[in-house]
Amino acid sequence: MKRFEGLDLFGLEALLTTEERMIRDTVRDFVDQEVLPIIEQQYSEGRFPMHLASRMGDLGLFGSTLSGYGCAGINAVAYGLAMAELERGDSGVRSFSSVQGGLVMYPIYTFGSEEQKDRWLPALARGKEVGCFGLTEPDFGSNPSGMRTRAVRDGDSYVLNGAKMWITNGHVADVALVWARTDEGIQGFLVEKGTPGFTSREIQGKLSFRASFTSELSFEDCRIPAANRLPGARGLKAALMSLNQARYSIAWGSIGAALACFHAALDYAKERIQFDRPIAGFQLIQEKLVRMASEITKAQLLAYQLGRLKDQGTVQAVQISLAKRNNVAMALETARTAREILGASGISNEYPIMRHVCNLESVKTYEGTDQIHTLIIGQHLTGLSAFQ
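Read on for a plain summary of the structure.

Rules and cut-offs
Residues numbered from 1 in each chain as written. Predicted model: local features only at pLDDT ≥ 70, side-chain atom pairs only at ≥ 80, totals over all residues. Heavy atoms only, no water. Helix = DSSP H or I, 4+ residues; strand = E, 2+ residues; numbered from the N terminus. Rg over C-alpha atoms; globule rule 2.2 N^0.38 Å. Buried < 20%, exposed > 50% of the residue type's maximum accessible area, 1.4 Å probe, protein only. Contact = heavy atoms within 4.5 Å. Areas by Shrake-Rupley, 256 points an atom, 1.4 Å probe, with all protein chains shown as cover. Expected span 1.5 Å × (residues − 1). Bend = angle between axes of the 7 residues up to and from the residue. Core = buried A, V, L, I, M, F, W, Y, C linked by side-chain atoms within 4.5 Å. Polar contact = N/O pair within 3.5 Å; in protein donor to acceptor, adjacent residues only side chain to side chain. Phe/Tyr/Trp six-rings, centres within 6.5 Å; stacked < 30°, edge-to-face > 60°. Lys NZ or Arg CZ within 6 Å of the ring centre and 35° of its normal. Salt bridge = Lys/Arg side-chain N within 4 Å of Asp/Glu carboxyl O. Disulfide = S-S within 2.5 Å. Axes fitted to C-alpha atoms, helices over the stretch in contact; angles between N-to-C directions. Parallel < 35°, antiparallel > 145°, perpendicular 65-115°, else oblique. Left-handed = near helix turned anticlockwise from the far one by under 90°. Nonpolar A, V, L, I, M, F, W, Y, C, P; charged D, E, K, R; others polar.

Glancing now at the overall build of the protein chain. The number of helices and strands found in the protein chain is ten helices and twelve strands. Computed over its C-alpha atoms, the radius of gyration of the protein chain comes to 21 Å, within 12% of the 21 Å expected for a compact globule of 388 residues. Its C-alpha atoms put the protein chain at 80 × 45 × 40 Å along the principal axes. Taking all 388 residues of the protein chain together, 56% fall into the buried category. Long-range pairs, those at least 24 residues apart, make up 75% of the contacts in the protein chain with a sequence separation of at least 6. Put simply, the protein chain shows about 16600 Å² of open surface, and 52% of that area lies on carbon and sulfur atoms.

Another point: unusual backbone geometry. Positive phi values are uncommon outside glycine, yet Y69 reaches one of about 60°. With respect to the helices, strands and loops of the structure, Y69 is situated in the loop between strand 1 (67-68) and strand 2 (71-72). Even without being a glycine, D276 presents a positive backbone phi close to 70°. Residue classification places D276 among the exposed positions, given a relative accessible area of 79%.

Turning our attention to the side chain of N169. Note on placement: N169 falls in the loop between strand 5 (157-168) and strand 6 (175-182). Using a relative accessible area of 2% as the deciding quantity, one classes N169 as buried.

Moving on: helix 1 (residues 18-45). In an α-helix, one turn spans 3.6 residues, which is why side chains three or four residues apart end up on the same side. Along its 28 residues, helix 1 runs 39 Å from first to last C-alpha, staying within 8% of the 40 Å computed at 1.5 Å per residue. At V35, helix 1 shows its largest kink, close to 50°, and the proline P37 lies no more than four residues downstream.

L86, W179 and I341 are the most contacted members of the largest nonpolar core, which totals 119 residues. For this core, the leading source of residues is helix 6 (residues 236-271), giving 20 residues. If we ignore the near neighbours within four places in the chain, the residues touching L86 are V27, F30, V31, M56, L61, V93, R94 and S97.

The next point concerns helix 3 (residues 76-89). Taking 1.5 Å per residue, 14 residues should reach 20 Å; helix 3 reaches 20 Å between its end C-alpha atoms and fits that length. Counting buried positions along helix 3 gives 14 out of 14 residues, so the element sits mostly inside the fold. By the N-cap criterion, in which a side-chain oxygen at the helix start approaches the backbone nitrogen of a residue two or three places on, helix 3 is capped by N75, the distance to V77 being 3.3 Å.

Here we come to the packing of aromatic side chains. Considering all chains together, one arrives at eleven aromatic pairs under this definition. Measuring from ring centre to ring centre gives 5.0 Å for F198 and F219, while their planes differ by 15°; the resulting arrangement is stacked. Taken together, the residues F198 in strand 8 (residues 198-202) and F219 in strand 9 (residues 214-225) connect sequence positions 21 residues apart. What makes F219 buried here is its relative accessible area of 4%. Measuring from ring centre to ring centre gives 6.4 Å for F275 and F282, while their planes differ by 90°; the resulting arrangement is edge-to-face. On the basis of relative accessible area, F282 is assigned to the partly exposed category, the value being 25%. Looking at K117, its charged tip hangs above the ring of Y109, at a distance of 5.7 Å from the centre. One cation-aromatic arrangement involves R277 over F282; the distance from NZ or CZ to the ring centre is 4.7 Å.

Next up on the list: the pattern of salt bridges. One pass over the full model with this rule turns up 23 salt bridges. For R355, the salt bridge is made with E40, and the minimal N-O distance between the two is 3.0 Å. On the criterion of sequence distance, the pair formed by R355 in helix 9 (residues 353-363) and E40 in helix 1 is long-range, its members being 315 residues apart. A single burial state applies to R355 and to E40, both of which are buried. Note that E45 is salt-bridged to R47, the shortest N-O span being 2.4 Å. Judged by relative accessible area, E45 falls into the partly exposed class, the value being 36%. We classify R47 as partly exposed; its relative accessible area is 36%.

The next point concerns the environment of L103. Topologically, L103 is positioned in helix 4 (residues 91-111). The spacing of L103 and F133 is 30 residues in sequence and 5.9 Å in space, taken between C-alpha atoms. What L103 contacts, discounting residues up to four positions off in sequence, is S98, F133, L177, S242, L243, A246 and E367.

Further remarks concern the state of the cysteines. Following the criterion strictly, the structure yields zero disulfides and no others. Just so you know, C132 is unpaired, no disulfide at all, and the nearest cysteine sulfur is the one on C222, 12 Å from it.

This paragraph deals with the packing of helix 4 against helix 6. Between helix 4 and helix 6, whose axes approach to 9 Å, the crossing angle comes to 150°. Taken together, helix 4 and helix 6 sit at an angle that is classed as roughly antiparallel. Seen along the crossing, helix 4 lies across helix 6 with a hand that is right-handed. From helix 4, R94, S98, G102, L103, Y106, P107 and F111 reach across to helix 6, where they touch A238, M241, S242, L243, Q245, A246, S249, I250 and G253. Here the contact of helix 4 with helix 6 is composed, by residue class, of nine nonpolar, six polar and one charged.

Shown next as structure tokens:
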């Protein structure tokens, strides 16, 4: 199989280090050889290919930018390139990595005790254990500060009551990082699988993110040791800092989905004969291809600079919001345009386009909806909050 070549109209390749290119190419080969041959079947059956978890762990795709505890310790640009390759395979595969690393391992690494880090990070990094992030509730998504899940201190324990919804990997996770309201504010708790009072169920009937497990978590008088509280996570800010790690991965990952659709459309247009010539030779088709390539290129430049800012330690939350908002909208429009080029073939699972269209509908609304990121950017520009 010929290695995927990507798209580089502005010489970004020359700006990457040797290590960044090597990491990108390693993940690219993994996706070509181990993800793409199976992903349509997994998507059709509505399940994540769990056997990939240990392979992804071997490749250092969990908690990649963290140091120590078995983590790869790579830079943000290399991590972003890896996420783009994973999402070129499928959004569910990239999401598995970014949830594990950005929403579970990052807060344990940043806010956890040394005992918590030693217990969980090495196993999560290897993919031997799976984590999930419990913030969204049935009635509170865009407004997490309204959460009703509550943890009450009782001696050397906390008693947890409430529910979480739309949780990636919730029913297969070995540990859930659950955010709950306490007398001292919102805090994070590590709830292990099998804890009495903790139940989870898979959400059925999804028409998007089918190659990903999505769950509901319930807590009924669930007693957890006080030692399972993340000592450094005080207030909603800790949860939002974790979300920004996942949003960063989406800003890159969505480029991968767009590239998959663009190249499927480009290849099809070169081969599809109508009126005795390839449709790629028609002006209307070329306009669509040029528009897609232009928007992908702008998204690549945006993500690259975002990564460099992150590596410098100067990145701002508003910059991550702008990149997530822009690049996901770009990817969704690219996928829809590619579907148009393929005509009726665009809805067939012989091509990846409709799968990416459906997945990107979810990517646009999770980890902060398009509208929420719009208001974050708007507040930065005007100094005025429009959230209320």
